[in-house]
Protein chains: 2
Amino acid sequence: MAFEDPFGADTSETRTAIMRATYAALIEHGYENLTIQRIGDEFPKSKSLIYQHYDGKDEVLVELLEFLLDHFETQMPPPTTANAHDCLRTVLDFVLAAEPENDRIELTKVMVELRGQAPHNETFRSYFAESDRQFRQELATIVDRGIEQGVYRSVDSEAVAEMLLTAMNGGTVRRATTDGDVDIAATRTELDAYIRARLLREDEESDGGKGELS
Amino acid sequence: MAFEDPFGADTSETRTAIMRATYAALIEHGYENLTIQRIGDEFPKSKSLIYQHYDGKDEVLVELLEFLLDHFETQMPPPTTANAHDCLRTVLDFVLAAEPENDRIELTKVMVELRGQAPHNETFRSYFAESDRQFRQELATIVDRGIEQGVYRSVDSEAVAEMLLTAMNGGTVRRATTDGDVDIAATRTELDAYIRARLLREDEESDGGKGELS
């Protein structure tokens, strides 16, 4: 699945233009050295528009996080797709992509860096608590649908969702914070083994354990 | 397992005293607002000793990370303990503790915050790449020992270690970056299910799936 530019081609809308400038400044300077001034340097319109809308960098950044999360959600496979197991695999394929595009890599770095502020920044902590909650709920809904469809065993969907979210988060964070030394494919293989053993009903495993459904 | 103060009671040694001061300043100010001056404010001896040994805050922080990792390793169960499965469970009990002590919570926050610098800080990225590598190797060694002891199936120990490390990292990061909304116990239950299904040999599963070995 191709990952689309979060900001599209149209820079005419002010909010989108501020978000684009913030993102560019964040990639260039990192959180620590980010200032409203530096966001303004990336902004093609009058800088006063930024000062007019935001009190400080954290306020712009929380809006950027919400903007990026909305975008990320539009990139995720729709939860109504075919059967639940296909859907879950598509989510894992997307989040734990073996070779993500450069834009995805940059986005992940930005998200991980901002998450790293959360231990000492209540605004960011609330944001990540809420985004984790939403994502976990979406995963649990997929698992529940698999149970209804008779594809998955009658498991605790909330616990399974917690585990999947935690592993995806770990993979994402480790990939962004080490020097390419993370074997995402191994994590994915082992997660698939977990899903086969824990979720897939016996009669669905007869395909030789590949998790392929007819 | 009680978590011991990384700095002990003895503050007479200069390096330990600088590490203690850095840690205190980091907890108080966070990475962004940390300065050598502020580390000096927490240091009971002459501040010139700090300026004499370190060029900037990242240099002190990398040494702090190494200091904390060494401490963390001493807190981990020795890899020669009894059988490999007990050993693996002790590691998981420790890292994914349901109710860690306050000192552990503070330490985790500091580590997660510094890891959050890694996407834009090569020094930290190298450090976390190396510490992940070490930890993964220790986990793989435990799994290999389990295979030799006939407790575990003949699995790809490197892949299993990658998965376990990724899940532990995700649990640690999510716990430090959300508002207590992480169900670590659920992740642990599901990881245990993964270990039973993937690692434990059939004849070891006859205990009702609790993973308890006689």
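Residues numbered from 1 in each chain as written. Chains lettered and ligands numbered in written order. Predicted model: local features only at pLDDT ≥ 70, side-chain atom pairs only at ≥ 80, totals over all residues. Heavy atoms only, no water.

(A) Helix α1 (residues 14-29) of chain B, seen in detail. Residues and elements named next belong to chain B. Over its 16 residues, α1 extends 22 Å from the first C-alpha to the last, a length consistent with the 22 Å expected when each residue adds 1.5 Å. When α1 is considered as a whole, its buried residues turn out to be Thr16, Ala17, Ile18, Met19, Ala21, Thr22, Tyr23, Ala25 and Leu26. Among the structural elements, α2 (36-41), α3 (48-53), α4 (57-75) and α6 (102-115) are those in contact with the buried residues of α1. Immediately beyond the C-terminal end of α1, within one or two residues, lies glycine 30, with a positive phi of roughly 75°. (Helix = DSSP H or I, 4+ residues; strand = E, 2+ residues; numbered from the N terminus. Expected span 1.5 Å × (residues − 1). Buried < 20%, exposed > 50% of the residue type's maximum accessible area, 1.4 Å probe, protein only. Contact = heavy atoms within 4.5 Å.)

(B) Layout of the interface of chain B and chain A. Each partner contributes residues to the interface: chain B has 51 residues there, and chain A has 51 residues. Each partner contributes to the roughly 4,300 Å² buried at the junction of chain B and chain A, and carbon and sulfur atoms together form 53% of this total. It is His120(B), Arg174(B) and Glu190(B) in chain B that bury the most area against chain A; as a group they hold 16% of the surface buried on that side. For the interface between chain B and chain A, the tally reads 14 salt bridges. Note that Arg174(A) and Asp132(B) form a salt bridge whose closest N and O atoms lie 2.7 Å from each other. Between the two partners, chain B and chain A, sit 26 residue pairs in polar contact (both at pLDDT 80 or more). Of all the secondary-structure elements, those providing two or more residues to the side of chain B that touches chain A are α1, α6, α7 (122-148), α8 (157-177) and α9 (184-198) of chain B. Ranked by residue count, the leading element in the side of chain B that touches chain A is α8(B), at 14 residues. When grouped by side-chain class, the residues that make up the side of chain B that touches chain A number 21 nonpolar, 13 polar and 17 charged. (Buried area = accessible area lost by both parts, 1.4 Å probe. Salt bridge = Lys/Arg side-chain N within 4 Å of Asp/Glu carboxyl O. Polar contact = N/O pair within 3.5 Å; in protein donor to acceptor, adjacent residues only side chain to side chain. Nonpolar A, V, L, I, M, F, W, Y, C, P; charged D, E, K, R; others polar.)

(C) Region of the structure containing the packing of aromatic side chains. Under the criterion given, the structure shown has four aromatic pairs over all chains. A centroid spacing of 5.0 Å and a plane angle of 80° characterise the contact between Tyr127(A) and Phe128(A), whose relative ring orientation is edge-to-face. Of the two residues, Tyr127(A) and Phe128(A), neither departs from the other in class, the shared state being buried. Positioned above the aromatic ring of Phe94(A), the side-chain terminus of Arg104(A) is 4.6 Å from the ring centre. Here the guanidinium or amino end of Lys57(B) rests over the ring plane of Tyr31(B), the centre of that ring lying 4.1 Å away. (Phe/Tyr/Trp six-rings, centres within 6.5 Å; stacked < 30°, edge-to-face > 60°. Lys NZ or Arg CZ within 6 Å of the ring centre and 35° of its normal.)

(D) Expanded view of the relation of the copies chain B and chain A. For these two chains of identical sequence, chain B goes onto chain A by a turn of 180° and a shift of 0.0 Å along the axis, with RMSD 0.0 Å. Taken together, the rotation and translation relating the two chain copies correspond to the operation of a two-fold axis. By residue overlap, the copies meet face to face through one surface: 100% of the interface positions of chain B are interface positions in chain A. (Least-squares fit on C-alpha atoms with pLDDT ≥ 70 in both.)

(E) Fine view of empty space enclosed by the protein. All names here are of chain B. Per the stated rule, a full pass over the model turns up three cavities of 30 Å³ or more. Approximately 480 Å³ is the volume found for the largest cavity. Secondary structure elements with two or more residues in the lining of the largest cavity: α4, α6, α7 and α8. Examining the composition of the lining of the largest cavity, we find that six residues originate from one element, α6, more than from any other. Class assignment for the residues of the lining of the largest cavity results in 13 nonpolar, four polar and five charged. (1 Å grid on protein atoms, 1.4 Å probe; cavity = no way out; pocket = protein on both sides within 12 Å on 5 of 7 lines; lining within 4 Å. Points joined across faces, edges and corners; volume = space filled by probe spheres on them.)

(F) How the structure looks around the packing of helix α5 (residues 84-95) of chain A against helix α9 (residues 184-198) of chain A. Residues and elements named next belong to chain A. Taken N-terminus to C-terminus, the directions of α5 and α9 make an angle of 160°; their axes are 12 Å apart at the nearest point. Our classification of the angle between α5 and α9 gives roughly antiparallel. α9 is crossed by α5, and the crossing has right-handed handedness. Here α5 contributes His85, Leu88, Arg89, Leu92 and Asp93 to the contact with α9, which in turn contributes Arg188, Leu191, Asp192 and Ile195. For the contact of α5 with α9, the residue count by class is four nonpolar, one polar and four charged. (Axes fitted to C-alpha atoms, helices over the stretch in contact; angles between N-to-C directions. Parallel < 35°, antiparallel > 145°, perpendicular 65-115°, else oblique. Left-handed = near helix turned anticlockwise from the far one by under 90°.)

(G) Examining the pattern of salt bridges more closely. A full pass over the atoms with the stated rule returns 30 salt bridges over all chains. Measuring nitrogen to oxygen at the nearest pair gives 3.2 Å for the salt bridge that ties Asp181(A) to Arg136(B). Of this pair, Asp181(A) sits in the loop between α8 (157-177) and α9 while Arg136(B) sits in helix α7, on two different chains. Looking at Asp181(A), the relative accessible area reads 25%, which means it is partly exposed. Through salt bridges that share partners, Arg115(A), Glu130(A), Asp132(A), Arg133(A), Arg136(A), Glu162(A), Arg174(B) and Asp181(B) make up one connected network.

(H) Structural context of a negative patch on the surface. A contiguous patch of negative charge, built from Asp144(A), Glu148(A), Asp156(A), Glu158(A) and Asp183(B), is present on the exposed surface. Inspection of the secondary structure assignment puts Asp144(A) in helix α7 (residues 122-148). (Patch = residues over 30% accessible without salt bridge, like charges linked within 9 Å, V, L, I, M, F, W, Y side chains within 5 Å. Areas by Shrake-Rupley, 256 points an atom, 1.4 Å probe, with all protein chains shown as cover. Lys, Arg positive; Asp, Glu negative; His and termini not counted. Charge placed at Lys NZ, Arg CZ, Asp CG, Glu CD.)

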